[in-house]
Amino acid sequence: METDCTSNDLPVNGVIAPLPAGTRLLHIGPHKTGTTAIQGALFAAKDLLPEHGVVFPAHSRHPMEAALAACARPAMIGDTAPTEKHWTRLLEQVEATGGRTSVVSSEFFADAEDDDTIARIVEELGGDRVHVLVTLRPLVRIMPSQWQQYVQNGLRMGYDDWLTHMLRKAPYEQPNPSFWRRHRHDRLVERWARAVGAERITVVVVDDRDREGLMRTFEQLLGLPENLLQPVPDTANRSLTLAETEMLRNLNKEFRGNGLPDELYSKLVRNGAVMHMKNACSPSPEDVKILTPEWAVAAAAEIGAEMAGRIGDLGVRVVGDPRLLSAAPKAPALDGIPAPRISPEVAARALYGALAAAAESPVRHTSPAKARTVHQTSSRELMRVLGHRCLKKLRRR
């Protein structure tokens, strides 16, 4: 893997010098930069890592609640509120790794916005032992993914309007103030550099043409054998198509317009309809993609170039080609963009997911095995449970 780097600790052949043994590697994302793939690969290899002197201390793939608690950020709409106990539990798990190298990954650490919070996170994770890893992708690739993710959390604004607010309406904070807190990447790196110093930050520019390049970079940083980290299929993390996103956005309007509670949205929509739709339906080549208009592509490329320059001036180690951050891919030539249309199958899957969630999950089992979530349970079993509960409610009436 060829790399460009501002530091002198990369050999000419592009192999990355591993971090010192005992480092506590903190991967802060931000969102939409390969975090889920890395978290899945590290968690899948959890039992193999210790023989190479590395520990993945979290008990789940992504310690989201701990990161949110550490950054004093709220949960996603309708989810359980993060508490200091989540953060304390993660700190105990990290402390238990002793003198071995450990790695903690959550994109929600990028939401820490003030120096005191960041300094506390670093100090409690190990102070001088902490090395911060930032993964970056071009803004033009992040924007459509981040928009549809915001829609999954209740946003009702269309893509073009959202881009206008993010790029043309100062102070660029509405409707999602978290976007630039996460994705003004130069300021993100600068905030964390103030806490750990430039010498303890590595910025990895992700090259989307090399699908496993990020895995290999993590292996080299952690001193792991090549190919130990492998991608883990995760349909639940796939992006929505334009039609799926528009269906959800219009559902959000109805949901909000009728004043339904956040908890119901979380259960029936995000963890019901959307989750089941993602797992049961794969996008087809005919699906209309979320296309960014040329004016927004140009604006994103200009901001990306500015950010790359400022990151280079900070003196942090940069792995990969910073020029990718200002990439402006040429828009495909189209004779008009076809209207996004949701297929009957996708609509049915989404509706079924909401109905299944209404039947309550996880579904109980007679076996001692861990309860499953809705999208892991067979359709026949979910319909049986739903029918049984509906009958019980009718009899009570």
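Because the structure is a prediction, the values reported are computed rather than measured.

## Thoughts on the pairing of strand S3 (residues 101–105)
In terms of residue burial, S3 counts as a mostly covered element, since five of its five residues are buried. Neither face of S3 is exposed, since Thr101, Val103 and Ser105 on one face and Ser102 and Val104 on the opposite face are all buried. As paired elements, strand S1 (residues 24–27) and S3 share four bridges and run parallel to each other. Paired with Leu26 across the two strands is Val104, which belongs to S3. Pairing of strand S2 (residues 54–55) with S3 involves two bridges; the strand directions are parallel. Bridged to Val54 within S3 is Thr101.

## Describing helix H5 (residues 139–152)
Given a rise of 1.5 Å per residue, 14 residues ought to cover 20 Å, and the 20 Å separating the end C-alpha atoms of H5 matches this to within 8%. Among all positions in H5, only Leu139, Val140, Ile142, Met143, Pro144, Ser145, Gln146, Trp147, Gln148, Tyr150, Val151 and Gln152 are buried. Of the surrounding secondary structure, the elements contacted by the buried residues of H5 are helix H6 (159–168), helix H7 (178–183), helix H8 (185–196), helix H10 (242–257), helix H11 (262–280) and helix H12 (294–314). Note on H5: the residue one or two positions beyond its end, Gly154, has a positive phi of about 110 degrees.

## Some thoughts on unusual backbone geometry
The linkage connecting Gly29 with the following residue, Pro30, adopts the cis geometry, with an omega of 10 degrees. Here Pro30 lies in the loop between S1 and helix H1 (35–44). Gln174 connects to Pro175 through a cis peptide bond whose omega is 5 degrees. Even without a glycine there, the phi angle at Lys32 is positive, about 65 degrees. With respect to the helices, strands and loops of the structure, Lys32 is situated in the loop between S1 and H1. At Ala72, a position not held by glycine, the phi torsion is positive, near 55 degrees. Here Ala72 shows up in the loop between helix H2 (64–70) and helix H3 (84–95). Judged by its relative accessible area of 62%, Ala72 falls in the exposed class.

## Some remarks on the sheet that holds strand S4 (residues 130–136)
The six strands are arranged S2-S3-S1-S4-S5-S6 in an open sheet whose pairing can be described as parallel. Two strands in the sheet have a free side with no partner beyond their single neighbour: S2 and strand S6 (317–319). Across four bridges, S1 lies against S4 in parallel orientation. Paired with Arg24 across the strands is Val130, a residue of S4.

## Some points on empty space enclosed by the protein
Across all of its chains, the model carries one cavity of 30 Å³ or more by this definition. Its boundaries defined by the atoms lining it, the largest cavity holds a volume of some 30 Å³. Taken together, Arg24, Leu25, Leu26, Val94, Ser102, Val104, Leu125 and Val130 make up the full set of residues lining the largest cavity. When residues of the lining of the largest cavity are traced back to their parent elements, those giving at least two are S1 and S3.

About the thresholds
Residues numbered from 1 in each chain as written. Predicted model: local features only at pLDDT ≥ 70, side-chain atom pairs only at ≥ 80, totals over all residues. Heavy atoms only, no water. Buried < 20%, exposed > 50% of the residue type's maximum accessible area, 1.4 Å probe, protein only. Helix = DSSP H or I, 4+ residues; strand = E, 2+ residues; numbered from the N terminus. Pairing = 2+ DSSP bridges. Expected span 1.5 Å × (residues − 1). Contact = heavy atoms within 4.5 Å. 1 Å grid on protein atoms, 1.4 Å probe; cavity = no way out; pocket = protein on both sides within 12 Å on 5 of 7 lines; lining within 4 Å. Points joined across faces, edges and corners; volume = space filled by probe spheres on them.

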